[in-house]
Amino acid sequence: PQQQQQPQQPQQPWPQQHHPQAQQPPLSHAFLEGQRRRLREHGQLLEERLRQQEAYLQQQLLLEELSLHQQLEQQRLQLQVQLQMRQQQQQHAVPTEAVRQVVAVDQFGGLVIARQFFPESGVRQTMVWNEDGSSWAFGWQTVQSLLEHSAHQSEAWVAAMSNRQLHALVHEVAQRLTEAVQQHVERKSDRDQVEARACYDFFGLGEDATDKELDNAYRRLAREMHPDKNGGTEEAKEQFQAMKERYDTLKGHR
């Protein structure tokens, strides 16, 4: 019997060799320093870009704030102009009804001079109806114009008036003077009340304090604030005199 031949392994054209793994050479100091330098430069570049971006954002915010401020200021000016125009319209508006006070009538009983008050605008003026059918109005602007112009100009203007017009002008000036005196008296009364209230507070009293309570408070402060007990200085004398004046004010206010 024929023997079976075993298949032979094909031979490698060259023998296998074992190559050990190659090792990386160590990094040099110069290479590491170069990497560090590049990293630092990159970081500085990023910081510079961040600073530029922050400055740009701040500039944009300032511009927006300035623009908003200008818009608000423009709106405020517009509102102020509208308010002034409305006030002027109210001053020049002539309502259908006015409180009228008869000043003079003609021989037939017809109205020729009257003082008018408009409640809506608060305007007061003296009206005169001339012989030719026209009418004049004397008000605060008339009085102010007389005060601002020279005496020669005012005299020339008054000399050209008729007796009826002059009567109306004198009446308006007299009314203005009377109103000014009344306002002065009212303001003085208000100031006196405020001053009296402050004096009462100084003495530690209420406005309903009796004369006896006021006298006792004055004597107590007079003993405490007497200059002889406070060194006799000029300041002590002035304070004592001011206290006495407040006491006299309250005595006169009662």
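Remember, it's a predicted structure, so these values are computed and weren't measured experimentally.

**Quick look at the overall build of the chain**
Then, number 1: Each helix and strand counted, the chain has 6 helices and 4 strands in total.
Then, number 2: Reading the helices (α) and strands (β) of the chain from amino to carboxyl end gives α-β-β-β-β-α-α-α-α-α.
Then, number 3: Of all 254 residues assigned to the chain, the portion counted as buried reaches 18%.
Then, number 4: Of the contacts made within the chain by residues no fewer than 6 positions apart, 42% connect residues no fewer than 24 positions apart.
Then, number 5: Only carbon and sulfur atoms are counted for the fraction: they give 51% of the accessible area of the chain, which is about 21,200 Å².

**Some thoughts on the layout of surface pockets**
Then, number 1: When its volume is computed, the second largest pocket comes out at roughly 160 Å³.
Then, number 2: Broken down by secondary-structure element, the contributors of at least two residues to the lining of the second largest pocket are α2 (140-148) and α4 (163-202).
Then, number 3: At 6 residues, the largest contribution of residues to the lining of the second largest pocket is made by α4.
Then, number 4: Looking at the lining of the second largest pocket residue by residue, the class counts come to 5 nonpolar, 1 polar and 2 charged.

**Structural notes on the packing of aromatic side chains**
Then, number 1: If you walk through the whole model with that rule in mind, you get 4 aromatic pairs.
Then, number 2: Ring geometry for Phe138 against Trp157: centres 6.5 Å apart, planes inclined by 65 degrees, an arrangement best described as edge-to-face. Note that Phe138 is positioned in strand β4 (residues 135-138) and Trp157 in helix α3 (residues 151-159), a separation of 19 residues in sequence.
Then, number 3: Residue class for Phe138 comes out buried when judged on its relative accessible area of 2%.
Then, number 4: Each member of the aromatic cluster is reached from another via a ring pair, and the members are Trp136, Phe138 and Trp157.
Then, number 5: Above the ring of Phe202, the side-chain terminus of Arg246 is found at 4.3 Å from the ring centroid.

**Structural notes on the packing of α4 against helix α6 (residues 234-253)**
Then, number 1: At a minimum axis separation of 9 Å, α4 and α6 run at an interaxial angle of 125 degrees. By the angle between their axes, α4 is oblique relative to α6. The way α4 lies across α6 gives a crossing that is left-handed. Seen from α4, the contacting residues are Asp192, Glu195, Ala196, Cys199, Tyr200 and Phe202; seen from α6, they are Met243, Arg246, Thr249, Leu250 and His253.
Then, number 2: For the contact of α4 with α6, the per-class residue count stands at 6 nonpolar, 2 polar and 3 charged.

**Here we look at the environment of Ala137**
Then, number 1: Topologically, Ala137 is positioned in strand β4.
Then, number 2: What makes Ala137 partly exposed here is its relative accessible area of 40%.
Then, number 3: Sequence separation between Ala137 and Arg124 is 13 residues, and the spatial gap between their C-alpha atoms is 9.8 Å.
Then, number 4: If we skip the residues at most four places from it in the chain, Ala137 touches Gln125, Thr126, Met127 and Thr142.

**A short note on the pattern of salt bridges**
Opposite charge on two side chains lets them pair, provided their charged atoms get close.
Then, number 1: Per the counting criterion, the structure on display carries 13 salt bridges.
Then, number 2: Across the pair Arg115 and Glu172 runs a salt bridge whose closest N-O atoms are separated by 2.9 Å. Separated by 57 residues along the polypeptide, Arg115 in strand β2 (residues 111-118) and Glu172 in helix α4 bring together distant segments of the chain. The pair Arg115 / Glu172 is uniform in exposure class, with both members buried.
Then, number 3: Residue Glu172 pairs with Arg176 through a salt bridge whose shortest N-O separation is 2.7 Å. One end of the pair, Glu172, and the other, Arg176, are both in helix α4, 4 residues apart, so they sit about a helical turn from each other.

Cut-offs used in this document
Residue numbering note: each chain is counted from 1, following its sequence as written. Reporting in this predicted model follows two pLDDT cut-offs: at least 70 for local features of residues, and 80 or more for side-chain atom pairs to be given and counted; totals over whole chains, interfaces and linings ignore these cut-offs and use all residues. Computation of side-chain values covers all heavy atoms of the structure but excludes hydrogens and water. A helix here means a DSSP run of H or I that spans at least four residues, while a strand means a run of E at least two residues long, and both kinds are numbered starting from the N terminus. Whether a residue is buried, partly exposed or exposed follows from its accessible area with a 1.4 Å probe, protein chains only, as a fraction of its type maximum: under 20%, in between, or over 50%, in that order. The contact criterion used is simple: two residues touch if any of their non-hydrogen atoms lie within 4.5 Å. For the accessible areas, the method is Shrake-Rupley and the probe is 1.4 Å, while residue cover comes only from the protein chains on display. Two kinds of site are reported from a 1 Å grid over the protein atoms alone, namely cavities, where a 1.4 Å probe fits but cannot get out, and pockets, open sets with protein on both sides within 12 Å along at least five of seven lines, and residues are called lining when an atom falls within 4 Å of a point. Grid points are joined across faces, edges and corners, and a volume is the space filled by probe spheres set on the points. Gly is put with the polar residues, along with every residue not named as nonpolar or charged; the nonpolar set is Ala, Val, Leu, Ile, Met, Phe, Trp, Tyr, Cys and Pro, and the charged set is Asp, Glu, Lys and Arg. Aromatic contacts are taken between Phe, Tyr and Trp rings whose centres are within 6.5 Å, Trp giving its six-membered ring; a plane angle under 30 degrees counts as stacked, one over 60 as edge-to-face, and the others as tilted. We call a charge positioned above a ring when the Lys NZ or Arg CZ atom is no farther than 6 Å from the ring centre and deviates by at most 35 degrees from the ring normal. Note on geometry: axes are C-alpha line fits, over the in-contact stretch for helices, and angles between N-to-C directions span 0 to 180 degrees. Any angle between 65 and 115 degrees counts as roughly perpendicular, while under 35 counts as roughly parallel, over 145 as roughly antiparallel, and the rest as oblique. What makes a crossing left-handed is the near helix being turned counterclockwise from the far one by less than a right angle; a clockwise turn instead makes it right-handed. Whenever a carboxyl oxygen of Asp or Glu lies within 4 Å of a side-chain nitrogen of Lys or Arg, that contact is scored as a salt bridge.

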